[in-house]
Each structure stands twice: as structure tokens, then as C-alpha cells.
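# Descriptive structure summary
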Amino acid sequence: MKIAKSCVCCDGTALRRVPAVLMPFLAHRIFGWDSVEITPDWAMRDLTLGRAYSVCNTLACEGCGLLFLDMRFDDAEMAALYADYRGPAYRAQRERFEPGYGARNDILLSGNAYGPTIEAFLAPFVGASPRVLDWGGDTGVNTPFRGKASAHHIYDISDRPVVAGAERVSSDRARNGEYDLVVSSHVLEHVPFPLDQLQQIVDAMTPKSVFYLEIPHEDIVRDIAELPQRAAAKRHWHEHINFFSVSSVEAMFRRVGLTALKQESHPLRAGGKDFHGLSIVARLTA
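My aim in this report is to walk through the structure given alongside it, one point at a time.

The rules behind the values
- Along each chain, residues carry numbers from 1 onward, in the same order as the chain's sequence is written.
- Owing to the predicted nature of the model, reporting of local features is limited to residues with pLDDT of at least 70; listing and counting of side-chain atom pairs is limited to 80 or more, with chain, interface and lining totals taken over all residues.
- To get the side-chain values, take all heavy atoms of the structure and skip hydrogens and water.
- The helix count covers DSSP runs of H or I at least four residues long, the strand count covers runs of E at least two residues long, and both are numbered beginning at the N terminus.
- Remark: exposure states derive from per-residue accessible area (1.4 Å probe, protein chains only) relative to the maximum for the residue type, with buried under 20%, exposed over 50%, and partly exposed in between.
- We call two residues contacting when some pair of their heavy atoms lies within 4.5 Å.
- Any two strands with at least two DSSP bridges between them are considered paired.
- Two N or O atoms form a polar contact when they lie within 3.5 Å of each other; inside protein one atom must be a possible hydrogen donor and the other a possible acceptor, and for residues adjacent in sequence the pair counts only when both atoms belong to side chains.

### Considerations on the environment of alanine 83
Along the chain, alanine 83 turns up in the loop between α2 (75–82) and α3 (88–97). Alanine 83 gets classed as partly exposed once you look at its relative accessible area, which sits at 37%. Linking alanine 83 and leucine 22, residues 61 residues apart in sequence, is a C-alpha distance of 19 Å. Those residues in contact with alanine 83 that lie beyond four places of it in its chain are Arg29 and Tyr90.

Structure (C-alpha cells):
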């Protein structure tokens, strides 16, 4: 694990820092850390009695508005977090820390219901049967144009079985696939270095490719304009370790050579919950 010293989107160093906690499920699953009750029998002269959680910091970039966790997990820690993602062992462990999660997990596994909305959003930019690469697409259940694409390829660190008609590909094959549409949907909010991930995605594009990015447009980011108040409102961190603003996405796009063609922040529903998604269509900058 590294502690971020600069913004992971724009590389700016003007960062606001606010104390926060790492949620118990993440702390346990990644590091094997558990919260503890500090009781009188500890005989701790200078510590306040009560439950102690894993501490971290919320960082807010004054340059691009990104809100993010200061902890940047390494490959082994990410593998520990996402092993058997949403599978039986993962579900059972998370249910122990977050009672009721299992029911939501079942809904998530069945796929979202807003696919037609995204396909309509993309329709002006791609044909009816595009060659699609879903970068980080898990099983492919939520890939746009699923069942209609002339090719449905998935690059993902998981080894879960993919949906009918989809094919899992290696990173080398993904970079040589000549795709009409390259998708990154609900991936960048999870990864420690989103700019690096975005550069890898761009490497799989050609000048003819369309890129579709979908990320959560978190309530804190949408509803709180002032950065100090926004940072102060984020006191805990779970699996979404990056809360993107439009400006932070624009900063990443400039750095990797993407130009946005269309963007929209719109209400969506997945996993039994309503949320706002930020949808952006882009191409390589000419």
C-alpha cells in the first residue's frame, strides 16, 4: 500500500486532508485488521475508551476536485479485495460485516436494468452491431449491446464465467482487437491509479474507436460545491476509493489524449438502489 502525495487524476499537490475511517469489511478483507474495543483493562493511559477503527484520510484535490482515499492499494491487496468478487465466500464475509448485503448482491449478479438507456445514449456514435471490448466487465452481464454486438470481448482480472456470446481476452489481445466501442463501466472508482488504468484502455483503442465511460456521480460531489465542505462530508471509505468530479475526468482525458463528445449525469438504478451515473462518450484526440 502507498499513501498518495498527489492527485491520482491531475497529479496536483494542493490537497486538503480530513481524517476518516476504512470500513471494517475492507480493513479485514485486505489487511486482516479488525476493529477493537479499548476497555479499562487495557490500562492505556493516553487513549480514550471506546471502539477503535482503521484510520485513513480523505484527500480532496484543489486542482480538479477529485475526492479520494489516501490509501492506494497494491496489486496483491487489490487481488485480496476482489478475489471471488460477489461469489459465495465474498458474499458470506461481507454479510457478516454488513447484514443485508447478501440480498443486494443477488440483485447485482442478475445485472442492471438500464442497458437500453445506455445503448440509446451511445446509438449516435456506434452501429447496431459493434465490436465491443468491455474493460473490467466482469461476466459481461452489463455490457452495452450484449447479444447484439458482432464481438463481445471482456478483459477483467476475475476468472468468473462470462455470459453466453461473450469471450474473455488477454490484455495483449485486447490491445489488438480493432474495436468499435471500448467500455469502462463502474471500474475507475475502484482502482488505485485510475489514470494508469485509463491509459491502458486508450492503448486498446484506434482512431475509429468510441470510448464509453460510466462512473458514479456521487451525491457528495454533485450536491456540495465547496471543496472544504465536500471533503469534510466524506468520513468513511469502502470499495469506491475515488469520487470523481467532471473536472477530474476532464483532467484525466487531457493527460491520455481523449476528447469528450457527449456527457450526461443521470439517475440510474442498480442493486436495488438509486444513484446518479456520469456517462461520457469520447474519442482519441485528433
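### Some words on the sheet that holds strand β15 (residues 258–270)
With mixed pairing, the seven strands of this open sheet are ordered in space as β10-β9-β8-β11-β12-β16-β15. The open sheet has two free edges, formed respectively by β10 (167–168) and β15, since each of these has just one partner strand. Sheet topology places strand β9 (residues 151–155) next to β10; two bridges connect them, and they run parallel. Residue isoleucine 154 lies in a different strand from β10, and its bridge partner there is arginine 168.

### Brief notes about the side chain of serine 279
Its place among the elements puts serine 279 in strand β16 (residues 273–284). Note on serine 279: relative accessible area 0%, which makes it buried. A polar atom in the side chain of serine 279 sits 2.8 Å from the side chain of tyrosine 212. One polar contact links serine 279 to histidine 266, side chain to side chain, over a distance of 2.8 Å. In this view, serine 279 contacts Ile118, Phe121, Tyr212, Leu213, Glu214, Lys262, Gln263, Glu264 and His266; residues no more than four positions away in its chain are not counted.

### Regarding the sheet that holds strand β5 (residues 55–61)
On the basis of which strands lie adjacent, the open sheet formed by five strands has the order β13-β2-β5-β6-β14 and mixed pairing. Of all strands in the sheet, those with a lone pairing partner are β13 (236–237) and β14 (242–243), marking the two edges. Judged from the two bridges that link them, strand β2 (residues 15–22) and β13 form a sheet pairing that is parallel. Counted as the bridge partner of valine 21 is histidine 236 from β13.

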